[in-house]
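# Working through the structure, step by step
As a plain string of letters, each chain reads:
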Amino acid sequence: MSTRTTNTTDVLVIGGGTGGYSTALRAAALGLDVVLVERDKVGGTCLHRGCIPSKAMLHAAELVDGIAEARERWGVKATLDSVDWAALVATRDDIVARNHKGVEAHLAHAGVRVVRGSARLTGTRTVRVEGVPTDSTPGAPSMPAPGAQHEIAPGVHDFTARRGIVLATGSRPRTLPGFAPDGRRVVTSDDALFAPGLPASVLVLGGGAIGVEYASFHRSMGAEVTLVEAADRIVPLEDPDVSRHLTRGLKKRGIDVQAGARLLDAEVRENGVRARVRTARGETRAVEAERLLVAVGRVPVTEGLGLEAAGLTTDERGFVVPADWGRLETAVPGIHAVGDLLPPPSPGLAHASFAEGLLVAETLAGLASAPVDYGAVPRVTYSSPQTASVGLSETEARARGSEVEVNTMPLTAVAKGMVHGQGGMVKVVAEAGGGQVLGVHLVGPHVSEMIAESQLIVGWDAEPADVARHVHAHPTLSEAVGEVFLTLAGRGLHQQ
Ligand SMILES: Cc1cc2nc3c(=O)[nH]c(=O)nc-3n(C[C@H](O)[C@H](O)[C@H](O)COP(=O)(O)OP(=O)(O)OC[C@H]3O[C@@H](n4cnc5c(N)ncnc54)[C@H](O)[C@@H]3O)c2cc1C
């Protein structure tokens, strides 16, 4: 039986990923009546297909790498027997499932009404939701009470949002003509999670964070890996020294890194793909691999969202561009956007979408919160070695015309760096003459955890002398960060 209902709320959020659910939680905490519409699972890309499953897999990869290090460096007579992919997937999926339950519980506790369905705008304050039919829908209420979950009866449900509507529909993998994913031989990062097993060889197209992480993971798991990036260096948005150190680290691990290269074509065969790569030197090389993983970026999801009904458009890349970045409000007052729907400087990262969600919720509740400080949002690649950075690269800082001072130190210059034995570096970019710290760039083990102090340094507009007053624990990898700042402040200890 199909139903048609009309409902009113303060705030309606479309999309239950990190951007949408953080908006909903904060808005509810501020006393607003909130409806969150999600057509799949709350948690979105990050929880189900992105950050969390990929980092769970990369943790397993670290353990595998640790066995080789134990044997080769520490005299531990350990050998790797095999990797049970099904067991790895089970642990990964358990972590995802527990987090999913956690997000659902937070939303329920906050009193957010989570509606399972597909939403589209029908006006500047109105949204139509088509309930996604599930087994349990026949007896489901047409509109769940606050805190109740999830299904609405199949049919059409119209909502009016008194305060505003938040667009949080996220992104999906970008595909390239000629390399259309088939889910088996030509795959996206989504498909890679649900593959039946680990491949013996992978050709990764795209040297951004996602491509590098998957290249690193598969190499740890024993695959032959070729990484092809069209730009003249991998992680091209990072400082050139980060790209250089990362390239060195990946090559040392046996990954064939081809930057400045082009994938000319890929023939799909029963057992894999046969591709031709034009290298930076202009040679054409044949690469055979069981899988081609296409990781060439992501595109915003706006199809069927009814933007036109509210008088909204996207830019030529498909992003929803805020008219007011300070409130993340579109050209239509009361309609806001968060997360991967936003163009740069929003970085397409989950933690940025959390910050955007908080800002939008507070704005809708009438608070005057500070805009998101995109310049102080950290960026991490969780490969081996890892990269982590915040603020401007040396190139960006110099392009601004300001005189800059740069100090770089290898991680192996501190004892803990030698213990880890994986190389890496710390690089700080600051205004010349002891001025503001503009950027911090790290490569090496555990730098994803080390970047936190640097985001405060950059975010609080600190100068090297401010940092140099603070003592770092010894022996730690973070000491290298402290040492670089000591030198910049004219008080170098081991680095003269
Ligand atoms: C492999 C991978 C690894 C990543 N790793 C990291 C990482 O380590 N750290 C990090 O910060 N970021 C990472 N990211 C990026 C991060 O996942 C995204 O930035 C984040 O998920 C964006 O959140 P969002 O809320 O904008 O969109 P999404 O998480 O994509 O959520 C959008 C939601 O909207 C729903 N939806 C869409 N249209 C409709 C509609 N019309 N009606 C109802 N519901 C709808 C979708 O079902 C989806 O659940 C990674 C991404 C990938 C792919």
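Residues numbered from 1 in each chain as written. Predicted model: local features only at pLDDT ≥ 70, side-chain atom pairs only at ≥ 80, totals over all residues. Heavy atoms only, no water.

## Some words on the pairing of strand E18 (residues 386–391)
With six of its six residues buried, E18 lies for the most part within the structure. Taken together, the three bridges between strand E17 (residues 379–381) and E18 define a ladder with antiparallel strand orientation. Pairing of threonine 381 across the sheet is with threonine 387, part of E18. Here E17 hands over to E18 after four residues, the two strands then running antiparallel side by side. Bridge analysis of E18 against strand E21 (residues 437–444) gives six bridges, and the strand direction is antiparallel. Within E21, the position partnered with serine 389 by the bridge is histidine 441. (Buried < 20%, exposed > 50% of the residue type's maximum accessible area, 1.4 Å probe, protein only. Helix = DSSP H or I, 4+ residues; strand = E, 2+ residues; numbered from the N terminus. Pairing = 2+ DSSP bridges.)

## Observations concerning the state of the cysteines
Summed over the entire model, instances satisfying the criterion amount to one disulfide. Here cysteine 46 connects covalently by a disulfide to cysteine 51, the sulfurs 2.2 Å from one another. Where cysteine 46 bonds to cysteine 51 through sulfur, the torsion about that S-S bond is close to -130°, and the disulfide is left-handed. (Disulfide = S-S within 2.5 Å.)

## Re unusual backbone geometry
Backbone torsion omega between proline 344 and proline 345 reads 15°, so that peptide bond is classified as cis. Of note, proline 345 is situated in the loop between strand E16 (335–337) and helix H8 (350–364). Of note, the amide linkage connecting serine 384 to proline 385 takes the cis form, showing an omega dihedral of 0°. Here the phi dihedral of histidine 446 falls at roughly 60°; this positive angle occurs in a residue that is not glycine. Despite not being glycine, aspartate 461 has its phi angle at roughly 50°, a positive value.

## Points about the side chain of arginine 253
Take arginine 253: it is sitting in the loop between helix H7 (240–252) and strand E10 (256–259). One polar contact links arginine 253 to serine 220, side chain to side chain, over a distance of 2.6 Å. (Polar contact = N/O pair within 3.5 Å; in protein donor to acceptor, adjacent residues only side chain to side chain.)

## Re the packing of helix H3 (residues 51–74) against helix H4 (residues 85–110)
With their axes 9 Å apart at the nearest point, H3 and H4 run at an angle of 140° to one another. Classified by the angle between their axes, H3 and H4 sit oblique to one another. As for how H3 packs across H4, the hand of that crossing is right-handed. Counting all contacts with H3, which are made through Ile52, Pro53, Ala56, Met57 and Ala60, the residues of H4 involved are Trp85, Leu88, Arg92, Ile95, Val96 and Asn99. (Axes fitted to C-alpha atoms, helices over the stretch in contact; angles between N-to-C directions. Parallel < 35°, antiparallel > 145°, perpendicular 65-115°, else oblique. Left-handed = near helix turned anticlockwise from the far one by under 90°. Contact = heavy atoms within 4.5 Å.)

## Describing the UniProt feature "active site" (unreviewed entry) in the chain
Residues annotated by UniProt as "active site" (unreviewed entry) correspond here to His474. By the element assignment, histidine 474 lies in the loop between helix H12 (464–468) and helix H13 (478–488). Of the polar contacts made by the side chain of histidine 474, one reaches the side chain of glutamate 479; its length is 2.6 Å. (UniProt positions renumbered as here; feature names shortened; annotations may be inferred.)

## Observations regarding the UniProt feature "binding site: FAD" (unreviewed entry) in the chain
Mapped onto this numbering, the UniProt entry annotates "binding site: FAD" (unreviewed entry) at Lys55, Thr169, Gly170, Ser171 and Asp340. The largest pairwise C-alpha distance within this set of annotated residues, which runs over 286 residues, is 22.6 Å, so the set is dispersed in three dimensions. Overall, threonine 169 belongs to the partly exposed group, its relative accessible area being 23%. Once residues within four sequence positions are removed from consideration, threonine 169 is found in contact with Ile14, Val301, Leu305 and Leu341. Separated by 2.6 Å, the side chain of threonine 169 and the backbone oxygen of valine 301 make a polar contact. In this structure, aspartate 340 sits in the loop between E16 and H8. Those residues in contact with aspartate 340 that lie beyond four places of it in its chain are Gly170, Ser171, Arg298, Pro300, Phe319, Gly348 and Leu349. At a separation of 2.7 Å, a polar atom in the side chain of aspartate 340 contacts the side chain of serine 171.

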